[in-house]
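Remarks on the overall topology
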Amino acid sequence: MAFTIKIYEKNEYLYSLLKKRLISFYPDAYIVNPYLDRQDYADRFSTFTRVIYDPADINISDIPHSTTSPIRLTEGSGIIDCSRLIQMLKNEEDSPVGIRPVSGSMYAVLPFVYSDERERFISELSGELSGADFNIRLDFTSKIRAMWKGSVRSNMTSLLEACRSKKFAPEDILKYCNMDDYGFLTPGSTTNCDDIYDAGIERSKTLISHAANLAHSNNRLVNVLTVIEGFRTKDLPELLCSCDKVSILLPAQSSEEGIGASELITMLTQTLGRERVYVYYANKPSDSDNPEDDIDNRRLVV
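Since the structure is predicted, the reported quantities are computational estimates derived from the model, not experimental observations. (Residues numbered from 1 in each chain as written. Predicted model: local features only at pLDDT ≥ 70, side-chain atom pairs only at ≥ 80, totals over all residues. Heavy atoms only, no water.)

1. Considering empty space enclosed by the protein
Rules: Think of a 1 Å grid over the protein atoms and nothing else: a 1.4 Å probe that fits but is trapped marks a cavity, an open set flanked by protein within 12 Å on at least five of seven lines marks a pocket, and residues with an atom within 4 Å of a point count as lining. Grid points are joined across faces, edges and corners, and a volume is the space filled by probe spheres set on the points. Per the convention used, a helix needs a DSSP run of H or I reaching at least four residues, while a strand needs a run of E reaching at least two, with both numbered from the N terminus. Side-chain classes follow a simple rule in which Ala, Val, Leu, Ile, Met, Phe, Trp, Tyr, Cys and Pro form the nonpolar group, Asp, Glu, Lys and Arg form the charged group, and the remainder, Gly included, forms the polar group.
Per the counting criterion, the structure on display carries one cavity of 30 Å³ or more. Of the volumes computed, that of the largest cavity is approximately 60 Å³. As for the largest cavity, its lining consists of Leu-14, Leu-17, Leu-18, Arg-21, Cys-82, Pro-237, Cys-241, Thr-271, Leu-272 and Arg-276. Going through the elements one at a time, helix H1 (12-25) and helix H9 (259-272) are the ones with two or more residues in the lining of the largest cavity. No other element matches H1, which puts four residues into the lining of the largest cavity. Across the lining of the largest cavity, the residue classes tally to seven nonpolar, one polar and two charged.

2. A few points about the pairing of strand E9 (residues 222-228)
In summary, the side chains of a regular strand alternate between the two faces of the sheet. Our working rule: Here the term buried applies to any residue with accessible area under 20% of the maximum for its type, exposed to any over 50%, and partly exposed to those in between, with areas from a 1.4 Å probe on protein chains only. Paired strands, in this sense, are two strands between which DSSP finds at least two bridges.
For E9, a buried count of seven out of seven residues is recorded, marking the element as mostly surrounded by other parts of the structure. Side chains Val-222, Val-224, Thr-226 and Ile-228 of E9 all project onto a buried face; the interleaved residues Asn-223, Leu-225 and Val-227 project onto the opposite face, where all are buried too. Two strands pair when backbone bridges link them, and strand E5 (residues 106-111) and E9 are joined in this way by four bridges, in the parallel orientation. Across the sheet, the residue bridging to Tyr-107 is Leu-225, located in E9. Note that strand E6 (residues 134-140) and E9 share seven bridges and pair parallel. Within the sheet, the bridge partner assigned to Phe-140 lies in E9 and is Ile-228.

3. Quick look at the nonpolar core
What counts here: To define a nonpolar core, start from buried Ala, Val, Leu, Ile, Met, Phe, Trp, Tyr and Cys residues and group those joined through side-chain atoms within 4.5 Å. The contact rule is simple, with two residues in contact once any of their heavy atoms fall within 4.5 Å.
With 42 residues, the main nonpolar core has Ile-136, Leu-138, Ile-173 and Leu-240 as its most contacted residues. Ranked by the residues each element gives to this core, the list is headed by helix H7 (residues 201-215), at six residues. With residues near it in sequence (within four places) discarded, Leu-240 still touches Ala-108, Leu-110, Ile-228, Val-246, Leu-268, Leu-272 and Arg-276. Formed by 20 residues, the second largest nonpolar core is a distinct cluster that contains Phe-3, Ile-5, Phe-25 and Phe-48.

4. Re H7
Quick note on the threshold: Each residue after the first adds 1.5 Å to the expected span of a helix.
Between its first and last C-alpha, H7 extends 21 Å over 15 residues, near the 21 Å set by a 1.5 Å rise per residue. The set of residues buried in H7 consists of Arg-203, Ser-204, Lys-205, Leu-207, Ile-208, His-210, Ala-211, Ala-212, Leu-214 and Ala-215. Against the buried residues of H7 lie E5, E6, helix H5 (156-162), helix H6 (195-198), E9 and helix H8 (236-240).

5. What about the sheet that holds strand E2 (residues 30-32)?
Selection criterion: With axes taken as lines fitted to C-alpha atoms, and helix axes fitted only over the stretch in contact, angles between N-to-C directions fall between 0 and 180 degrees.
With parallel pairing, the four strands of this open sheet are ordered in space as E2-E1-E3-E4. A strand with exactly one partner marks an edge of an open sheet, and here the two such strands are E2 and strand E4 (71-72). Relative to E4, strand E3 (residues 49-53) is paired through two bridges, and the arrangement is parallel. Along E4, the bridge assignment pairs Ile-52 with Ile-71. Its contacts with the sheet put H1 on strand E1 (4-8), E2 and E3, and the angle it makes with E2 is roughly 170°.

Next comes the structure, spelled out in structure tokens:
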């Protein structure tokens, strides 16, 4: 059943992130911005309309009177909690629409550590991904950092090139993958050191979008892990907007933690939502007698 979600948000960039996030859960909804979409063609094909409004842009009294139960974009903290918005859209009695089932999960790791510490972290993380039909790993890194030792017949460069086609389907990612030592299906590394960055940011966004659609499909249980390195900070929100969990891996927890790391954590928390951003420290000692650091003991939810 089609319905319309109107988002009153003057910041076009913020609106685009919200639209990408909500469409994953409500693929049949028309999502429009009254500030940008002047003609309400979507209303002609909708059974009802829900409104999300930014109180910084519009007063609730200025929203058309026909609107039922408008939803505030924020609750005064300045942080947009997408899980709250999705839940409110789902539970309203006047919205007889079911939330789309999500079979798998989309993960991202942003490592600021040596590659061996990153791989140790991913090895521990793989324990959370048991029970899926497939676990896929995509390394958006330089070839030097990817540490792939397998076949070069199907690689990340080929996959980045293939995803340009309009005929490319999310399931096609599997055609480019081989099994690695951790049980992930992965295309491995690129052909040349900087193919990821030479292809341009839009290509990475396209492939990540396809990967998210594969993970969030209800056709099969697929988890996707992306390793993100070397991108500009301002590009990260769009790269990560479809991820269910974003893990930032830092070298150490200390009072001298860099201003840059703090700013990155704050920025991602504000744009993605507090519930999706986690911070881990590679060398934080475990409280147990086990010399292997347990992943839960290193977690700091922000």
